[in-house]
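Per-entry structural report
Next come the chains, spelled out residue by residue.
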Amino acid sequence: MSLAFEPRLTRDWDDPSVIGIDGYVAKGGYQGLTKALAMADTDIVEVVKSSGLRGRGGAGFPAGMKWGFVPRHTGQPTYVVVNFDESEPGTCNNRELVERDPHRLLEGTAIAALAIGCETAYLYVRGEYLWQSLVLERAIAEAYAAGHLGPDVQGSGKRVDAVLHRGAGAYICGEETALLNSLEGLRGQPRLRPPFPAVEGLFASPTVINNVETLMNVPDIVVRGADWFRELGTEKSPGTKMVTVSGKVERPGNFEVPLGTPFRVVLEELAGGVLGGRTLKAWTPGGSSTPMLTAGHLDVGLDYESLAEAGSMLGTAAIMVMDDTDCVVDCATRMVRFYAHESCGKCTPCREGSWWATRVLERLEDGQGKPADLPIMHDLGTNLTFRAFCALADGTAAVINSSLQHFPDEYEAHVRLGGCPLKVEHLEEVPA
Amino acid sequence: MAVFEGAVREDADVIMARYPDAHRRSAVMALLYLAQSVEGSVTRDALREIGVLLGITTAEVEAVASFYTMYRLRPTGTHVISVCTNLACKLRGAEAVYEAAHEATGVAHGAELSDDGLFTVHEEECLGVCDFAPAVQINFCNHDTVGPERIRELVAGLRAGEVPSPARGPAFGSFRAASRALAGLEEVPSA
C-alpha cells in the first residue's frame, strides 16, 4: 500500500507565510469562522457531529457530542478551553501544528466558542512550550487586530476573547479536570466526575475542553462539510490523524495519515524503517500510556477500533519504536518511573503502585531481581488498572501489563541471568 | 512588599487583569513566574506576597508552587539546563547527554546548582521534541538532537558568556529572562 491522499492539517506546512495572518487569510483562512457566524449555533454542533470528528487528545470522544452536552442559554457564562498541554511521552504533533499554522487553531477555537455561546476561550499551553506559546500570543494579537477575535467578531456583534494561560510542568494537567484546576490557580489534581465539565467546568460553568488537533479540523469541516471530512479515514474513525514517530527509526517526525493507515506504511514509507535496518521489537501506538505492541502487529490499522482489537489504543498516535537491541525491561522501567514522577498523589494505588513498580523494575534491570518479583509485577499491574481517579494509573498499568504479556521470556531472563541479557552498549547512532 | 513593588507590582497588575475579578486566583501561576524572574527562584517572601495579592494563604500559594516542576523553590543557577531522558530520547542516547551535562557544568547529582552559581541541571520528562531526540532545553529554549559532545560545547559557550541560538524561536539568556517570558511579559517578535 502506498500513501496517496490530499493532506489536510499539514497542507500548508511548506508555506511559512501562513504563520502570519495575511498568509493564512490568503489561503482561505478565517472563512470557516465567517460561515459559522452565519449559522445557528446548533447547526455548527450538528455538522461537527455528522462529521464524526473524534477527540484527538487520547480518549477519542466525539467532539460534536461533547459540544452538544453544554446546556444553552442558561444565563451562565460558558467556556472553551484549548488543551495544549501535550505531554504524553512520545507526542509532539500539536507542537508542530501550532508552530506552522497557529491561526487554524484560533479559528477552530472561535468556531467552537460560537457553537456553545462562549465569550472567553482559554488556551492552556504547557510551560515547556515557551516558543509555541509566543507564536500563539502573536497570532492572537494579529487576530484581534484583524477583528477575528474580540468584542465584535468580523462585525457580527458577537464577542470571543482568547486568553493564553501557561502551565508549569505537570503531565497530569493534560487530564481535563486537572487542567481546569490548574487554570483556576489550584494544584493540578483531577476532579470527581460527575459533574462533567460540560455542565460544571471552569469556574463552575459549562465548559468544553478540546485538544489542539481536534479544533484544527473544525474550520475545514464547517467550510467543506461533514461528507467531505468522511472521505478519508474509516467509518467509525473518520478523517486524518497526526502521528509522531520517534525512537529507533531512520526519520523521526510528525506525519499526517488517514485514520486506518497500517502501522507498516507509517514505519516503512514515512519514517524510513527501523534505524540502521535493524529488527522491530516493540512499539507504542499512542504514547507510553497505551499498551505496547510487537512486530506481530505491523499490519494493524492506526484507528480507534483496530488498535482496540489488537489490545491497545490509538491514544495520541505517538509511536515510539524499540528495536532488537533495546531491553523491554529497561524501557518499561523508564516509562514507569515517569508515572511515579507525574502521579499527583491523590490516589493510593497510583501514588504507591507506580513507586513500588519502579523499585521492582530497577532491581530486575540491575540484576537484583528475584523469582518472586514477576508475580509482584503482575499483581501491581492488576491493582493499578481502573483503581484510581483518573487514567494516569491505567497508563502505568498499560506499560507493566503489556510488557509482561508480550515479553515474559525477557523478564524471566533478567531473573535467571542475574541481570539484563541485552546489556550491550549500542551507541554508534548517538549524535556527536 | 519586598518583591512585588514598583515596576514589578505594575507587572503583577497586568497579569491579574487577564482573569475575571472573581477568579483572580487563576493568576497565581503567572505571578510565580514573575517572582522567579525577579529573584531567580521563588522565595518565601514571594509566596507570602502572592498570597496577599490574591487574597489566599501562603500555604495555598506554596501548594501550587511545589506542584509544578518549572518553579524553582531552591537556589538556582543563572542557566537551567533541562535534559529529557524519557523513552523517545533515551532510545537515542539521552542518558549519556544527561551525564555529560552534569560533568560539563560541575553540578553534582543531587545538588541544586554548580559551585560557581552558573548552572542547574534538570532531568526532564518528555519535552515534546521527540522528532529531534535527544531533546535539551537551556532556559526553556530548545536545542535539537543534542549529543554528549554538543552539550559540552553549549555549556562551554554559556561559560564564555555566549547565548546559544535555539533550534526555534528567540534565545532567552538566563533562567530569569525565560521566567519573565513565561509570565507573558515579553514582546513577541513579528511573524
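The structure under discussion appears in the preceding block.
Residues numbered from 1 in each chain as written. Chains lettered and ligands numbered in written order. Predicted model: local features only at pLDDT ≥ 70, side-chain atom pairs only at ≥ 80, totals over all residues. Heavy atoms only, no water.

**A short note on the overall build of chain B**
The helix and strand inventory of chain B stands at eight helices and four strands. From first element to last, N terminus to C terminus, chain B shows the α and β order α-α-α-α-β-α-α-β-β-β-α-α. Relative to the compact-globule value of 16 Å for 191 residues, chain B shows a C-alpha radius of gyration of 17 Å, a close match. With respect to the three principal axes, the spread of C-alpha positions in chain B is 50 × 40 × 30 Å. Expressed as a percentage of its 191 residues, the buried residues of chain B come to 58%. A separation of at least 24 residues holds for 66% of the contacts in chain B among residues at least 6 apart in sequence. Of the accessible surface of chain B, which amounts to about 7,100 Å², a share of 48% is contributed by carbon and sulfur atoms. (Helix = DSSP H or I, 4+ residues; strand = E, 2+ residues; numbered from the N terminus. Rg over C-alpha atoms; globule rule 2.2 N^0.38 Å. Buried < 20%, exposed > 50% of the residue type's maximum accessible area, 1.4 Å probe, protein only. Contact = heavy atoms within 4.5 Å. Areas by Shrake-Rupley, 256 points an atom, 1.4 Å probe, with all protein chains shown as cover.)

**Some words on empty space enclosed by the protein**
Residues and elements named next belong to chain A. Taken as a whole and judged by the stated rule, the model has seven cavities of 30 Å³ or more. By volume, the largest cavity amounts to about 80 Å³. Every residue lining the largest cavity is listed: Ile172, Pro190, Ser343, Cys344, Gly345, Lys346, Cys347, Cys350, Ala388, Phe389, Cys390 and Leu392. Residue classes in the lining of the largest cavity are distributed as nine nonpolar, two polar and one charged. Roughly 70 Å³ of internal volume is contained in the second largest cavity. (1 Å grid on protein atoms, 1.4 Å probe; cavity = no way out; pocket = protein on both sides within 12 Å on 5 of 7 lines; lining within 4 Å. Points joined across faces, edges and corners; volume = space filled by probe spheres on them. Nonpolar A, V, L, I, M, F, W, Y, C, P; charged D, E, K, R; others polar.)

**Notes on the nonpolar core**
In terms of nonpolar packing, the biggest core is built from 157 residues, with Trp67 of chain A together with Phe4, Leu31, Leu32 and Tyr68 of chain B touching the most fellow members. Judged by nonpolar contacts, the second largest core, of 24 residues, contains Val249, Phe255, Leu259 and Leu307 of chain A. (Core = buried A, V, L, I, M, F, W, Y, C linked by side-chain atoms within 4.5 Å.)

**A short note on the sheet that holds strand E3 (residues 161-166) of chain A**
Residue and element names in this part refer to chain A. Sheet architecture is open: four strands sit in the order E3-E2-E1-E4, paired in parallel fashion. Edge positions in the open sheet fall to E3 and strand E4 (207-211), since each of these has one partner strand only. Shown here is a sheet whose adjacent strand axes are inclined to one another by a mean of 20°, direction ignored. Taken together, the six bridges between strand E2 (residues 120-125) and E3 define a ladder with parallel strand orientation. (Pairing = 2+ DSSP bridges. Axes fitted to C-alpha atoms, helices over the stretch in contact; angles between N-to-C directions.)

**Considering the pattern of salt bridges**
Residues and elements named next belong to chain A. A complete count under the given rule lists 44 salt bridges over all chains for this structure. One salt bridge in this structure joins Asp323 and Lys248, with 3.5 Å as the shortest N-O distance. Placement of the pair is Asp323 in strand E9 (residues 318-323) and Lys248 in the loop between strand E5 (240-247) and strand E6 (253-258), with a sequence separation of 75 residues. For Asp323, a relative accessible area of 0% corresponds to the buried category. (Salt bridge = Lys/Arg side-chain N within 4 Å of Asp/Glu carboxyl O.)

**Let's talk about the layout of surface pockets**
Gaps left between atoms are located by rolling a probe of water-molecule size over the structure's atoms. As a volume, the second largest pocket reaches approximately 810 Å³. Taken together, 39 residues line the second largest pocket, and the ones lying closest to its centre are His341 of chain A together with Thr69, His122, Glu123 and Glu124 of chain B. For the lining of the second largest pocket, the secondary structure elements donating two or more residues are helix H13 (328-342) and helix H14 (348-365) of chain A together with helix H6 (94-105) and strand E2 (119-124) of chain B. If you tally residues by element for the lining of the second largest pocket, the top one is H13 of chain A, at six residues. Grouping the amino acids of the lining of the second largest pocket by side-chain chemistry returns 16 nonpolar, eleven polar and twelve charged.

**Quick word on the interface of chain A and chain B**
Taken together, the contacts link 67 residues of chain A with 56 residues of chain B. Between chain A and chain B, roughly 4,900 Å² of surface is buried when both sides are summed, and carbon and sulfur atoms account for 62% of that area. For the pair chain A and chain B, the number of links is five salt bridges. Linking Lys90 of chain B and Asp330 of chain A is a salt bridge whose minimum nitrogen-to-oxygen distance equals 2.8 Å. Applying the counting rule to chain A against chain B returns 24 residue pairs in polar contact (both at pLDDT 80 or more). Examining the composition of the side of chain A that touches chain B, we find that eight residues originate from one element, H13 of chain A, more than from any other. Of the residues in the side of chain A that touches chain B, the class split is 30 nonpolar, 19 polar and 18 charged. (Buried area = accessible area lost by both parts, 1.4 Å probe. Polar contact = N/O pair within 3.5 Å; in protein donor to acceptor, adjacent residues only side chain to side chain.)

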